[in-house]
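Summary of structural features
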Amino acid sequence: MNLIYAIESRLWIIFTICYSYQIFYMVYMLLFKRSLSERFINRNPVLHKIAVVISARNESAVIGQLIESIHAQTYPAELIRIYVCADNCTDNTAEVAREAGATVFERTNRNLVGKGYALDYMFKKILSSDDDSDAFIVFDADNLIDREYIAEMNKTFGLGFEAITSYRNSKNYGTNWISAGYSLWFLREAKYLNNARLELNTSCAISGTGFLLSRKLVEENGGWKHHLLTEDVEFSVDSVIQGKKIGYCAGAMLYDEQPITFRQSWRQRMRWAKGFYQVLGKYGFKLVKGTVLKLSFGCFDMLMTIFPAIFITLLSIICNVSRFIHSIFVARDGHEVLLSMLSMVGYIVMVYGFLLVVGLITTLTEWDNIHTTTRKKILYVFTFPLFMLTYIPIAIAAIFRKVEWAPIDHTISASIDDVKKE
């Protein structure tokens, strides 16, 4: 029993050491609300030529609305070019994209499957053409963007960043507790991770979609060279190891469609969990080396980002259950049984309460950016911890299962105005 107590106490010490900086991020952003890009709000930035790059697989239902939102930008239309990769499509995605005004590349490769391969194919096509864009903005076909999106990204690009991520909002926050769980996590990631990183002069992280890459960076990489299951995380980690800083643009808001069924969510997050393990296996030693030898906080931050912290929670649960079983079958002490039960309940309440606070703070500070009813905003604060705790079985299953990239169906055909009317 003493051994279990010792293990449990050390787990909490490890967890506190590893992740207390993220609590500091949140406190910092609550106290200091101005972003770096806003300090240059009165500057007249150079207007760069921007190529929008979209990877799409059977996305005919939604890609037209994304291209429409790009055409509606306040940024000069003559400086924007739109490229779509119709990747292994079996529907009319290519035709819809062409009719909407995009240049379309059709790719068929059943062996090299995934967004990373589609991006690499597209970048190489663009670089070998007469296109002279200064930067590329990458979207998923189900996205929508605010009218000021490209203008805001251009301002931040003018600060010297070669890679920039943006504010990731949701098209379907209010559908159910699953879509809201995703959405709240991405809002928290934008406001209390990437924005804080920007303010504290460390590197941000690319998250899935809505990011800018300089032409110079793409040329140096020979296209897109990251092909693990989580190519965005791999890119972020690789950049930090090389000493590069990824920027963040709080004024560029993107709306992303989230899964609405648990089956879809399980499959997607299983891929993410497996991808994190892949990145940890490939880059973990380099991140440790950068943290210890170079004293790189960016390396430490990325190491904690890809490290499966959920396992610390799982080990703590195992310790609590072990204490309960020991008190019943070994100690046979009613007092010990009661203490073990109280400890387990207390631990569950503590974890739920911590995630509840994170969700509540994010909801309150991002209230105006959450497009759903007041009732749902409040309700989904309480379901957010439950959504996050479902990562535990997913993270465990991902260790043992073979996971391959698979597309997620997107069906919400909506305009920016439709989303905001929610």
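Residues numbered from 1 in each chain as written. Predicted model: local features only at pLDDT ≥ 70, side-chain atom pairs only at ≥ 80, totals over all residues. Heavy atoms only, no water.

Across all of its chains, the model carries 19 aromatic pairs by this definition. Their ring planes at 90° and their centres at 5.5 Å tell us that Tyr 21 and Phe 297 sit as a pair that is edge-to-face. Here the residue Tyr 21 occupies a position in helix α1 (residues 2-31), and Phe 297 occupies one in helix α10 (residues 297-306), the gap between them amounting to 276 residues. Exposure remark for Tyr 21: the relative accessible area of 9% places this residue in the buried category. Ring centres of Tyr 83 and Phe 105 lie 5.9 Å apart, and the angle between their planes is 5°; on these two criteria the pair is classed as stacked. Here Tyr 83 is found in strand β2 (residues 80-87), whereas its partner Phe 105 is found in strand β3 (residues 103-107), with 22 residues between them in sequence. When its relative accessible area of 2% is taken as the criterion, Tyr 83 is described as buried. Owing to a relative accessible area of 17%, Phe 105 belongs among the buried residues under this scheme. These aromatic residues form a ring-pair network of at least three members: Trp 177, Tyr 182, Phe 186, Phe 262, Trp 266, Trp 272, Phe 387 and Tyr 391. A cation sits over an aromatic face here: Arg 269 above Tyr 391, 4.6 Å from the ring centre. (Phe/Tyr/Trp six-rings, centres within 6.5 Å; stacked < 30°, edge-to-face > 60°. Helix = DSSP H or I, 4+ residues; strand = E, 2+ residues; numbered from the N terminus. Buried < 20%, exposed > 50% of the residue type's maximum accessible area, 1.4 Å probe, protein only. Lys NZ or Arg CZ within 6 Å of the ring centre and 35° of its normal.)

Of all hydrophobic cores here, the largest spans 109 residues; its most connected members are Ile 54, Ile 70 and Phe 139. At eleven residues, the largest contribution of residues to this core is made by helix α6 (residues 177-199). Ile 70 has contacts with Val 52, Ile 54, Ile 80, Ile 82, Phe 139, Ile 145 and Ile 150, leaving out every residue within four places of it along the chain. Counting nine residues, the second-largest nonpolar core is a separate cluster that includes Met 270, Tyr 277, Ala 397 and Ala 398. (Core = buried A, V, L, I, M, F, W, Y, C linked by side-chain atoms within 4.5 Å. Contact = heavy atoms within 4.5 Å.)

Let us look at the pattern of salt bridges. Tallied over the entire structure, the rule returns 17 salt bridges. For Asp 140, the salt bridge identified is with Lys 115, shortest N-O distance 2.8 Å. In this pair, Asp 140 sits in strand β4 (residues 135-140) while Lys 115 sits in helix α4 (residues 115-127), placing the two residues 25 residues apart along the sequence. Lys 115 carries the same exposure label as Asp 140, and that label is buried. Salt-bridge contacts for Asp 120 lead to Lys 124; the nearest nitrogen and oxygen are separated by 3.1 Å. (Salt bridge = Lys/Arg side-chain N within 4 Å of Asp/Glu carboxyl O.)

Taken together, the side chains of Ile 23, Val 27, Leu 30, Leu 31, Phe 32 and Phe 354 make up a nonpolar region of the molecular surface, amounting to roughly 570 Å² of accessible area. Here the element with the most residues in the nonpolar patch is α1; it accounts for four residues. Mapped onto the secondary structure, Ile 23 falls in helix α1. Note on Ile 23: relative accessible area 44%, which makes it partly exposed. (Patch = residues over 30% accessible without salt bridge, like charges linked within 9 Å, V, L, I, M, F, W, Y side chains within 5 Å. Areas by Shrake-Rupley, 256 points an atom, 1.4 Å probe, with all protein chains shown as cover.)

Glancing now at the packing of α6 against helix α9 (residues 262-293). Between α6 and α9, the least distance of the axes is 10 Å, while the angle of their chain directions is 35°. Residues Trp 177, Ile 178, Tyr 182 and Phe 186 of α6 form the contact with α9, whose participating residues are Phe 262, Ser 265, Gln 268, Arg 269 and Trp 272. Broken down by class, the residue content of the contact of α6 with α9 amounts to six nonpolar, two polar and one charged. (Axes fitted to C-alpha atoms, helices over the stretch in contact; angles between N-to-C directions. Nonpolar A, V, L, I, M, F, W, Y, C, P; charged D, E, K, R; others polar.)

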